[in-house]
Amino acid sequence: MAEVTHWADIVADEVSNKHEKNVVATGITPSGHIHIGNMREVVTADAVYKALNDNMHESTLIYLADNFDPLRKVYPFLPEHYSKYVGNPISEIPCPCGKCSNYAEHFVKPFLVSMEKLGIEPKVYRADELYKSGYYTEAIKDALVNKDKIAKILTETSGREPTDEWSPFNAICRACGKMTSTKVISFDVDKETVDYICECGFSGSVSMQGGGKLNWRVDWPARWKILGVTVEPFGKDHASRGGSYDTGKRIAKEIFNYEPPYPIVYEWIMLANKGAMSSSTGIVVSIDDMLKVVPPEVLRYLIIKTKPEKHINFDPSIPLLTLIDEYEKLKTMEIEKISTYNKRLLDLSKATGICHTDIPFKHMVTIYQVAHGDFEKILEILERVGYETDNRRCIQELITNVQNWLEMYAPPYAKFSVKETLPSKASNLNKVQRAFLCSLAKIISTKEELSGEQYHNLVYQAKEKESVVYKDIVQILNIHEDELAINPKDLFKAIYIATLGTDSGPKAGWFLSSLDRNFLISRFNEAAGDMCNEG
RNA sequence: GGGCCGGUAGCUUAGUCAGGCAGAGCGAUGGACUCUUAAUCCAUAGGCCGAGGGUUCAAAUCCCUUCCGGCCCGCCA
């Protein structure tokens, strides 16, 4: 088996053998901040969707926001008075910030933004709209009529015994608005209504069209049929024997007469030793937090290169940098040198609409620090160095990633700051180093702009007798040209000491070309001291 | 209690469905380039494929048992 096929292509291949058109579905309940595991779901789905399209198979990607589910409890981030909404559908209660149309939207909106950043463009459905507009009505009838059969499936498959009062349909009480405290007592298929009594004392009847919803284990298979779902990734929580996929599979076949979708079970993304955020509080990292440090394309790459059933250990410190390097190396490699598999990986990681800049992460780490984080200054440097600067939104995104990474995870060696005044360490510079800086200042002042590579060559070539720098130094020191021996290392060191006050620093070419040339001239002259005036 | 997924080089892993010499990247080591900040190029080392048993001419791969790690399940996703 020399040729290795990417998992997304394998899935695409299998499902396209079964169906002409495929619908790849994802579904998430927006009852709180949508977290990292959910993002794996959508990226996984998107990879399969893309694989299908790439292989010329018609397919659709959908995201269904389960916003008709009841609020389960007062979450830690909610004010106490939300206790009165527990049991109400989250599409029907107010948003915590007061600015969104309802509670669910508060969490759906940022999630949609995150998806956009990741280049994922699903057809978005909202459960409340589907229910209210009658999409579910036939399924509700089927479920109610076949209540006993469904109960039997649940018992046989999951080993649980539904009580006599159990119903696949939860009515929303017209008085108190809760769907968790009602009991279905009868229904009318012709009128499409359901009668219920509620713990609040109210009893009445609701329409099947928006008056309530199927409970999860029945809702899921119903939805497969309603939306024609043929592939769906879901977390391993649903994948256990007796779990909701198991029961859903049978309910789909036996009640709704629908072939269940191809399952893709995926593992969680774990946050490596970042105790405070995940383990101690039990609160999972939000997608937002993740996108704070990881460029979207790199995040896609991480998820897509890992088979869904493997854990992903996400470590935002050094390993993240390794990951970014790995990705950028692949991206810039000559096409013939990339293996077929890696090419595919790269393809699937890129996506239309995703922010791609040609600026390497590490280079931005340098530029950002040179510019002290000032956006305009960064743009100026980028232009000077010759990067594409049209796409400001993407550049801004990258800057934000770099900034957050520097603040939160960067190792000390990655950090530096250009000193406002000449570092005191500069007084230790030897004669050759001073003469070199003096020469460098002179050359910079006579040239227009120097590229990173030119700077680099300037330093490197200084050790050759024919070079301008070498001759300058000989002249300044007033010695014979054979008396001078230059080690480029000392010259690089001189540059870092004069600017940063440290022995080492970021890659010299990039670094110098990022700095303002007038600054360089005066700083190098200053560091060279009287050595220069005499010259 | 029941179940799911993983365990392959120091690390991250491919290969497991369909048995046929165990592959890659990073790291390490050596060398080249005497440009270096985790630079580039070349080379090398590194594996009882978690353990035990079984099936087979042949097992990382299939079957049984077992250990380790992660997780799920009480219809509330």
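Look up a bit, the structure's there.
Please read all numbers here as calculations on a predicted model, not as lab measurements. (Residues numbered from 1 in each chain as written. Chains lettered and ligands numbered in written order. Predicted model: local features only at pLDDT ≥ 70, side-chain atom pairs only at ≥ 80, totals over all residues. Heavy atoms only, no water.)

Caption draft 1: Just the protein's contact with RNA strand B, in detail. Taken together, 41 residues lie around RNA strand B, and Thr29, Tyr413, Tyr460, Phe492 and Tyr496 are the ones closest in. Backbone sugar and phosphate groups make up 59% of those atoms of RNA strand B lying within 4 Å of the protein. A distance of 3.0 Å separates a base oxygen of RNA strand B from a polar side-chain atom of Arg72. Residue Gly505 places a main-chain N or O atom 3.0 Å away from a sugar or linking oxygen belonging to RNA strand B. When contributions to the surface near RNA strand B are tallied by element, the ones reaching two or more residues are strand S1 (22-28), helix H11 (318-332), helix H17 (452-461) and helix H19 (488-499). Split by residue class, the surface near RNA strand B holds 15 nonpolar, 9 polar and 17 charged. (Near = heavy atom within 4 Å. Polar contact = N/O pair within 3.5 Å; in protein donor to acceptor, adjacent residues only side chain to side chain. Helix = DSSP H or I, 4+ residues; strand = E, 2+ residues; numbered from the N terminus. Nonpolar A, V, L, I, M, F, W, Y, C, P; charged D, E, K, R; others polar.)

Caption draft 2: View of the nonpolar core. Met39, Met364, Trp405, Phe436 and Phe524 are the most contacted members of the largest nonpolar core, which has 119 residues in total. Residues contacting Phe524, with those up to four places away along its chain left out, are Leu437, Leu440, Ala441, Ile444, Ile495, Ala498, Thr499 and Leu512. Judged by nonpolar contacts, the second largest core, of 44 residues, contains Ala25, Trp224, Val229 and Tyr258. (Core = buried A, V, L, I, M, F, W, Y, C linked by side-chain atoms within 4.5 Å. Buried < 20%, exposed > 50% of the residue type's maximum accessible area, 1.4 Å probe, protein only. Contact = heavy atoms within 4.5 Å.)

Caption draft 3: Highlighting the pattern of salt bridges. Scanning the model with the defined rule gives 26 salt bridges in all. One salt bridge connects Lys213 with Asp219, and the closest N-O pair in it is separated by 3.5 Å. Across the pair, exposure class does not vary: Lys213 and Asp219 are buried alike. For Asp347, the salt bridge identified is with Arg344, shortest N-O distance 3.7 Å. Linking Asp347 with Arg344, this pair stays in helix H12 (residues 340-349), spanning 3 residues, or about one helical turn. (Salt bridge = Lys/Arg side-chain N within 4 Å of Asp/Glu carboxyl O.)

Caption draft 4: Here's a closer look at the sheet that holds strand S6 (residues 193-198). Read across the sheet, 3 strands follow the order S5-S6-S7 without closing on themselves; strand pairing throughout is antiparallel. Strands with a single pairing partner mark the edges of an open sheet, and in this sheet they are strand S5 (182-188) and strand S7 (203-207). Looking at each pair of strands side by side, their axes are set apart by 30° on average, direction ignored. Here 5 bridges tie S6 to S7, and the two strands are oriented antiparallel to one another. Of the residues in S7, the one forming a bridge with Val194 is Val206. (Pairing = 2+ DSSP bridges. Axes fitted to C-alpha atoms, helices over the stretch in contact; angles between N-to-C directions.)

Caption draft 5: The arrangement of the state of the cysteines in detail. This structure, assessed with the given rule, holds 1 disulfide. Note on cysteine connectivity: Cys355 is disulfide-linked to Cys394, with sulfurs 2.2 Å apart. Residues Cys355 and Cys394 are joined by a disulfide whose S-S torsion is about -75°; by sign, that bridge is left-handed. One end of the pair, Cys355, is in the loop between H12 and helix H13 (361-370); the other, Cys394, is in helix H15 (residues 392-408), with 39 residues separating them in the sequence. The pair Cys355 / Cys394 is uniform in exposure class, with both members buried. No disulfide involves Cys176; its sulfur sits 3.6 Å from that of Cys198, the nearest cysteine. Cys176 gets classed as partly exposed once you look at its relative accessible area, which sits at 27%. (Disulfide = S-S within 2.5 Å.)

Caption draft 6: Fine view of the packing of aromatic side chains. For the structure on display, the rule yields 19 aromatic pairs. Aromatic pair Trp224 and Tyr245: ring centres 5.8 Å apart, planes at 55°, arrangement tilted. Here Trp224, found in helix H7 (residues 216-227), pairs with Tyr245, found in helix H8 (residues 244-254); they are 21 residues apart in sequence, far enough to count as distant. Accessibility classification places Trp224 together with Tyr245 in one group, the buried group. Between Phe234 and Tyr245 the ring centres are 5.0 Å apart and the planes differ by 25°, which places this aromatic pair in the stacked class. Separated by 11 residues along the polypeptide, Phe234 in strand S9 (residues 231-235) and Tyr245 in helix H8 bring together distant segments of the chain. Since its relative accessible area comes to 11%, Tyr245 is described here as buried. Taking NZ or CZ as reference, Lys507 lies 5.6 Å from the ring centre of Trp510, over its face. (Phe/Tyr/Trp six-rings, centres within 6.5 Å; stacked < 30°, edge-to-face > 60°. Lys NZ or Arg CZ within 6 Å of the ring centre and 35° of its normal.)

Caption draft 7: Spotlight on empty space enclosed by the protein. Under the definition given, this model contains 3 cavities of 30 Å³ or more. The space that makes up the largest cavity amounts to roughly 140 Å³. Lining the largest cavity are 16 residues, and of these Pro295, Glu297, Cys355, Thr357 and Leu398 lie nearest its centre. For the lining of the largest cavity, the secondary-structure elements that each account for two or more residues are helix H10 (296-305), H11 and H15. When its residues are assigned to classes, the lining of the largest cavity shows 10 nonpolar, 2 polar and 4 charged. (1 Å grid on protein atoms, 1.4 Å probe; cavity = no way out; pocket = protein on both sides within 12 Å on 5 of 7 lines; lining within 4 Å. Points joined across faces, edges and corners; volume = space filled by probe spheres on them.)

Caption draft 8: Inspection of the layout of surface pockets at higher detail. Reported here for the largest pocket is a volume of approximately 1,200 Å³. Lining of the largest pocket is provided by 32 residues; of these, Thr29, Ser31, His35, Arg72 and Tyr75 occupy positions nearest its centre. Looking at the lining of the largest pocket, the elements that each hand over two or more residues are S1, helix H2 (36-54), H7 and S9. Taken as a whole, the second largest pocket spans an internal volume of roughly 400 Å³. In terms of lining residues, the second largest pocket is bounded by 20 residues, among which Thr366, Tyr413, Ala414, Gly505 and Pro506 are the most central. When residues of the lining of the second largest pocket are assigned to their parent elements, the largest contribution, 4 residues, is made by H13. Of the residues that constitute the lining of the second largest pocket, the class distribution is 10 nonpolar, 6 polar and 4 charged. Residues from two domains meet in the lining of the second largest pocket; each of domain 2 (361-414) and domain 3 (424-534) gives at least three. (Domains from an automatic or database assignment.)

Read these as spatial facts, not as claims about activity.
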